[in-house]
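Structure assessment
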Amino acid sequence: TELQDLIRPFLDDRPEADWIFSTSRSLSGQGIDVAVYSESPDVSLAAVEEIMSLLENNVYPVENIRSDLSNGAPKYSIVIDYQKAEDLGVTVSTLTNTVNAALTGITATEISTFTADETYDVVVLIDPDEIQSVDELSSLMIPTDKGTMVRLDTIASFELGTAPRTITREDKVRVNHVYATIRE
């Protein structure tokens, strides 16, 4: 309950997440498991990092603080300036389709053989050697509804984050856990 009282003020500021507290016994002492339920990976990551910090700085003697987001793969998120995009005539749909087409390709057409038993997709994409960094991706040209083009970095920025090693769901809701052990 002391841990719950410590974390509750933080929870009140996060209405987009649901929280469940539980305790367990292990060979090394009493375990802490804080479950963070949210469909937003960014909200989950912020909450998990804050809870880990609260545990590290305010709960004694706690040890072995970890989360299922620890050691995840690096990921970049594109943060769109919606007002600027709208002002320049770029829709979110156009932006995401253009970035997807550049990175993964787009099926331009389908061709079939003379026997018509086999068909092949013709996929068009940017040469992977052309986009090797975030800086190179940020210079990608995005079409506007005004018939012009704007650079991606004119209407969006990139944020480096951490992707979870795995995505866990409980009752069809995304969940991340913070674990710790309290020495006895």
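Notes on the structure in this doc start here. This one's a predicted model, so the numbers in the text were calculated from it and none came from an experiment.

1. Section: the nonpolar core
Of all hydrophobic cores here, the largest spans 14 residues; its most connected members are Val 90, Leu 95, Leu 140, Ile 142, Leu 152 and Ile 155. Listing elements by their share of this core, those giving two or more residues are helix H4 (92-104) and helix H6 (152-155). Not counting chain neighbours up to four residues away, the residues in contact with Leu 152 comprise Leu 95, Val 99, Leu 137, Ser 138, Leu 140, Ile 142 and Phe 158.

2. Some details on H4
Three- or four-residue spacings in an α-helix give side chains the same orientation, since the helix completes a turn every 3.6 residues. In a regular helix each residue adds 1.5 Å, so 13 residues correspond to 18 Å; H4 covers 18 Å between its end C-alpha atoms and thus fits that length. Among all positions in H4, only Leu 95, Thr 98, Val 99, Ala 101 and Ala 102 are buried. Within H4, the buried residues cover an arc of 160 degrees as seen down the axis, which keeps them to one side. Along its buried surface, H4 packs onto strand S4 (73-80), strand S5 (106-112), strand S6 (119-124), strand S7 (141-143) and H6.

3. Some words on the pattern of salt bridges
Throughout the structure, instances matching the rule amount to two salt bridges. Two residues, Arg 169 and Glu 39, come together in a salt bridge whose shortest N-O distance is 3.1 Å. Here Arg 169 is found in strand S10 (residues 168-170), whereas its partner Glu 39 is found in the loop between strand S2 (29-37) and helix H2 (41-58), with 130 residues between them in sequence. You can call Arg 169 partly exposed: its relative accessible area is 45%.

4. With respect to the side chain of Ser 138
Mapping Ser 138 onto the fold places it in helix H5 (residues 134-138). Ignoring any residue separated from it by four or fewer positions in sequence, one finds Ser 138 in contact with Arg 151, Leu 152, Asp 153 and Phe 158.

5. Some thoughts on the side chain of Thr 144
On the secondary structure map, Thr 144 appears in the loop between S7 and strand S8 (149-151). Once you skip the residues sitting within four places of it in the chain, Thr 144 turns out to touch Leu 88, Gly 89, Val 90 and Val 150.

6. Comments concerning a nonpolar patch on the surface
Side chains of Ile 106, Ile 111, Tyr 120, Val 122 and Val 124 sit close together on the surface and give an oily, nonpolar patch of about 430 Å² of accessible area. Going through the elements one at a time, S5 and S6 are the ones with two or more residues in the nonpolar patch. Among the elements that take part in the nonpolar patch, S6 stands out by supplying three residues, more than any other. Among the structural elements, Ile 106 can be located in strand S5.

7. A word on the environment of Tyr 76
Summarising the element assignment, Tyr 76 is placed in strand S4. Sequence separation between Tyr 76 and Ala 163 is 87 residues; the distance between their C-alpha atoms is 8.9 Å. Apart from the residues within four sequence positions on either side, Tyr 76 is in contact with Val 134, Phe 158, Glu 159 and Leu 160.

8. A few points about H2
Helix length check: H2, at 18 residues, gives a terminal C-alpha distance of 25 Å against a target of 26 Å (1.5 Å per residue), a fit within 8%. Restricting attention to buried positions, one finds in H2 the residues Val 43, Ser 44, Leu 45, Ala 47, Val 48, Ile 51, Leu 54 and Leu 55.

9. Focus on unusual backbone geometry
A positive phi angle, near 50 degrees, is found at Asp 171, a position not held by glycine. With respect to the element layout, Asp 171 can be found in the loop between S10 and strand S11 (173-182). Classification of Asp 171 as exposed rests on a relative accessible area of 77%. Positive phi, normally seen in glycine, also occurs at Lys 172, with a value near 70 degrees. In this fold, Lys 172 is placed in the loop between S10 and S11. You can call Lys 172 exposed: its relative accessible area is 76%.

10. Thoughts on a negative patch on the surface
Where like charges cluster on the molecular surface, the negative patch consists of Asp 127, Asp 129, Glu 130, Asp 135 and Glu 136. Following the sequence through the fold, Asp 127 ends up in the loop between S6 and H5. Judged by relative accessible area, Asp 127 falls into the partly exposed class, the value being 41%.

Conventions adopted
- Residues numbered from 1 in each chain as written.
- Predicted model: local features only at pLDDT ≥ 70, side-chain atom pairs only at ≥ 80, totals over all residues.
- Heavy atoms only, no water.
- Core = buried A, V, L, I, M, F, W, Y, C linked by side-chain atoms within 4.5 Å.
- Buried < 20%, exposed > 50% of the residue type's maximum accessible area, 1.4 Å probe, protein only.
- Helix = DSSP H or I, 4+ residues; strand = E, 2+ residues; numbered from the N terminus.
- Contact = heavy atoms within 4.5 Å.
- Expected span 1.5 Å × (residues − 1).
- Arc of directions from axis to C-beta.
- Salt bridge = Lys/Arg side-chain N within 4 Å of Asp/Glu carboxyl O.
- Patch = residues over 30% accessible without salt bridge, like charges linked within 9 Å, V, L, I, M, F, W, Y side chains within 5 Å.
- Areas by Shrake-Rupley, 256 points an atom, 1.4 Å probe, with all protein chains shown as cover.
- Lys, Arg positive; Asp, Glu negative; His and termini not counted.
- Charge placed at Lys NZ, Arg CZ, Asp CG, Glu CD.

Limitation: the analysis is restricted to geometry and does not speak to function.
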